[in-house]
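# Reading the structure
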Amino acid sequence: MNDVYGVIGDPIAHSKSPIMHNVAFNDNQIEATYVKFHVSKEQLPQAISGLRALDIKGVNITVPHKSSVMPLLDEIDPLANAIGAVNTVVNQNGTLIGYNTDGLGFVEGLKPHIDGELETKSVLIIGAGGAAKAIYYTLASLGVKKIDLTNRTKENGVALINSCPFALESRYLHLSEAETILSDYDVIIQTTSIGMSPSVEQYPLALRQLKNGTVVSDIIYNPLQTTFLKQAKQLGARTQNGLDMFVFQGALAFEKWTGIFPNTIMMKKAVLKQLGGSHVNR
Ligand code: ATR
C-alpha cells in the first residue's frame with residue numbers, strides 16, 4: 001500500500017512541495033504519494049485528527065497554520081517550541097510530533113556559501129516575521145554569537161530579540177542605521193516579503209556600504225533574483241536566493257519521515273523546472 005504524505009495550508013494551489021517530495025520518493029524507491037491539502041483555519045483541528053484516522057504518515061504545515069497547529073499535536077521538538085512554529089509533522093504510530101525545519105533548512109542551504117565556521121560570522125537579519133524568527137533562533141541555537149536585526153517596526157524587532165531563549169549578542173537597528181554599518185557583517189539575510197512578485201522593484205534597504213565578499217541571502221524565490229540580490233551582486237557580494245531554503249527544509253522533513261536524506265540537487269531541479277522561471281508560492 002502506498003503511504004500518504006502531504007502539505008496543509010490555505011492557499012495551497014501553487015505549492016511546489018508535492019513535485020519536490022514525489023521526485024525524492026521516486027528516487028529512493030519508496031512507495032508513497034505526497035499531496036496538497038487545502039485546509040481552512042476552522043477545519044484545522046479536524047484535519048489534524050484525520051491524520052491519525054487515515055494513517056497519513058507525515059505532513060508539512062504552511063501558512064497560516066504553523067503556530068495554530070501546535071496545540072493539536074502530541075509532542076513538539078524543543079527548537080520548534082522555541083520558535084513557536086511547526087512546519088513538519090511526523091505521525092509515529094498515531095503520535096503526532098511537530099518539528100521546525102525552516103531555520104535548519106536555511107542554514108543547510110547557506111553553509112556551502114560560507115568560508116570557515118558559521119558560528120564565528122557576524123550576521124544581520126532583515127525582518128521580524130515568522131521566517132526571521134525561525135532563522136534567528138536556529139542560528140542562535142547553533143552557536144552563532146553575533147546576530148543583529150533590523151526591521152521597519154522597532155517593537156516587532158525588539159520583541160523577537162528579547163524572546164530568544166539562546167544566549168547571544170544582538171542589537172536592534174533601525175533600517176537607516178543598518179544601512180550605514182553594512183560593512184560590519186559577513187552574512188546578511190533578507191527575510192521579509194519585500195521584492196516578492198509582483199512588487200519586484202522594491203527592496204528593504206540600500207546596500208551601498210556592503211563590503212566585498214559578504215554573503216547576501218534573500219529567502220524569496222519568486223523572482224529567483226530580487227532587486228535586492230541584483231544590487232548585492234553588482235556590489236561584489238556572493239548571493240543566494242530562497243530556493244535552497246525551500247529545498248532543504250523539505251529535505252530535512254523527508255529525512256524525519258523516512259530516515260533518508262534525499263538528493264537535494266534533484267529536488268531543486270524539479271522545483272526549478274516547475275517554476276519555469278516564473279511565479280510561485282510555497
Ligand atoms: P513571515 O511570512 O515571515 O511571517 P511576513 O508577515 O510576510 O513574514 O512579513 C513580516 C516581516 O516583513 C516583518 O518584518 C515586516 O515588518 P513589520 O514588522 O514592520 O511589519 C516585514 N515587511 C513586510 N512588508 C514590508 C514592507 N513593505 N516594508 C517593510 N517591511 C515589511
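## A look at the packing of aromatic side chains
Throughout the structure, instances matching the rule amount to 7 aromatic pairs. Aromatic side chains Tyr5 and Trp257 sit 5.1 Å apart centroid to centroid with 40° between the ring planes, which places their arrangement in the tilted category. Of this pair, Tyr5 sits in strand S1 (residues 3–9) while Trp257 sits in helix H9 (residues 243–258), placing them 252 residues apart in sequence. The burial state of Tyr5 is the same as that of Trp257; both residues are buried. Within the aromatic cluster, the residues linked to one another by ring pairs are Tyr5, Phe25, Tyr34, Phe254 and Trp257. When the ring centre of Tyr99 is taken as origin, the NZ or CZ atom of Lys256, which lies over that ring, is 4.4 Å away.

## Side note on the side chain of Thr264
Relative to the helices and strands, Thr264 is located in helix H10 (residues 264–275). When neighbours within four sequence positions are excluded, Thr264 is seen to be in contact with Val247, Phe248 and Ala251.

## Describing unusual backbone geometry
For the bond running from Val63 to Pro64, omega is 5°, close enough to zero to count as cis. Inspection of the secondary structure assignment puts Pro64 in the loop between strand S3 (58–61) and strand S4 (75–76). The omega torsion across Asn222 and Pro223 is 10°, close enough to zero to call that bond cis. With respect to the element layout, Pro223 can be found in the loop between strand S11 (215–218) and helix H8 (227–234).

## Structural notes on the site of the ligand
The local shell around the ligand consists of Gly127, Ala128, Gly129, Gly130, Ala131, Asn151, Arg152, Thr153, Asn156, Thr192, Ser193 and Ile194. In the complex, 63% of the free accessible area of the ligand, which totals 640 Å², lies under the protein chains. Residue composition of the shell around the ligand, grouped by class: 3 nonpolar, 8 polar and 1 charged.

## Overview of helix H1 (residues 17–27)
Of the residues making up H1, those classed as buried are Ser17, Pro18, Met20, His21, Ala24 and Phe25. Angularly, the buried residues of H1 cover 165° about the axis, an arc narrow enough to put them on a single face. Buried residues belonging to H1 abut S1, strand S2 (32–38), S3, H9 and H10. Following H1 by one or two positions, Gln29 adopts a phi angle in the positive range, close to 50°.

## Looking at the domain arrangement of the chain
Each domain of the chain was delimited in the assignment, giving domain 1 (3–100 + 244–274) and domain 2 (104–241). Between domain 1 and domain 2, the C-alpha centre-to-centre distance is 26 Å. Opposite the 11 residues of domain 1 that make contact, domain 2 presents 19 residues. In this assembly, domain 1 packs against domain 2 so that about 1,200 Å² is buried in total across both faces, 75% of it on carbon and sulfur atoms. Counting across the interface, domain 1 meets domain 2 through 0 salt bridges. Connecting domain 1 to domain 2 are 2 residue pairs in polar contact (both at pLDDT 80 or more). No other element matches H9, which puts 6 residues into the side of domain 1 that touches domain 2. Broken down by class, the residue content of the side of domain 1 that touches domain 2 amounts to 8 nonpolar, 2 polar and 1 charged.

## Focus on the confidence of the model for the chain
Parts of the model with low pLDDT should not have their predicted coordinates read in detail. Of all residues in the chain, 98% have pLDDT values of 70 or greater, and the mean over the chain is 96. Across residues 278–282 the pLDDT falls below 50, and counting only partners more than four positions away or on other chains, this stretch makes 23 contacts in the model.

## So, the sheet that holds S4
Within the open sheet, the 6 strands sit side by side as S2-S1-S3-S5-S6-S4. Their pairing is mixed. Every interior strand has two partners, whereas the edge strands, S2 and S4, have only one. Bridge analysis of strand S5 (residues 88–92) against strand S6 (residues 95–99) gives 5 bridges, and the strand direction is antiparallel. Opposite Thr88, over in S6, you have Tyr99 as the bridge partner.

## As for the side chain of Asn151
Structurally, the position occupied by Asn151 is in the loop between strand S8 (146–150) and helix H6 (154–162). In terms of polar contacts, Asn151 uses its side chain to reach the backbone amide nitrogen of Ala128, at 3.4 Å. Within the structure, Asn151 has its side chain in polar contact with the backbone oxygen of Thr153 (distance 3.0 Å). Each residue touching Asn151, except ones within four places of it in the same chain, is listed here: Gly127, Ala128, Asn156, Gly157, Tyr172, Leu173 and Leu175.

## Some remarks on the nonpolar core
The biggest cluster of nonpolar side chains holds 29 residues, and the ones touching the most others in it are Ile125, Tyr136 and Leu139. Of all the secondary-structure elements, those providing two or more residues to this core are helix H3 (78–83), helix H4 (102–110), strand S7 (122–126), helix H5 (130–141), S8, H6 and strand S10 (187–190). Take this core: its biggest share by element is 7 residues, from H5. In this structure, Ile125 is in contact with Ala132, Ile135, Tyr136, Leu139, Ile147, Asp148, Leu149, Thr150, Ile189 and Thr191, ignoring residues within four places of it in sequence.

About the cut-offs
Residues numbered from 1 in each chain as written. Predicted model: local features only at pLDDT ≥ 70, side-chain atom pairs only at ≥ 80, totals over all residues. Heavy atoms only, no water. Phe/Tyr/Trp six-rings, centres within 6.5 Å; stacked < 30°, edge-to-face > 60°. Helix = DSSP H or I, 4+ residues; strand = E, 2+ residues; numbered from the N terminus. Buried < 20%, exposed > 50% of the residue type's maximum accessible area, 1.4 Å probe, protein only. Lys NZ or Arg CZ within 6 Å of the ring centre and 35° of its normal. Contact = heavy atoms within 4.5 Å. Near = heavy atom within 4 Å. Areas by Shrake-Rupley, 256 points an atom, 1.4 Å probe, with all protein chains shown as cover. Nonpolar A, V, L, I, M, F, W, Y, C, P; charged D, E, K, R; others polar. Arc of directions from axis to C-beta. Domains from an automatic or database assignment. Buried area = accessible area lost by both parts, 1.4 Å probe. Salt bridge = Lys/Arg side-chain N within 4 Å of Asp/Glu carboxyl O. Polar contact = N/O pair within 3.5 Å; in protein donor to acceptor, adjacent residues only side chain to side chain. pLDDT = per-residue confidence, 0-100. Pairing = 2+ DSSP bridges. Core = buried A, V, L, I, M, F, W, Y, C linked by side-chain atoms within 4.5 Å.

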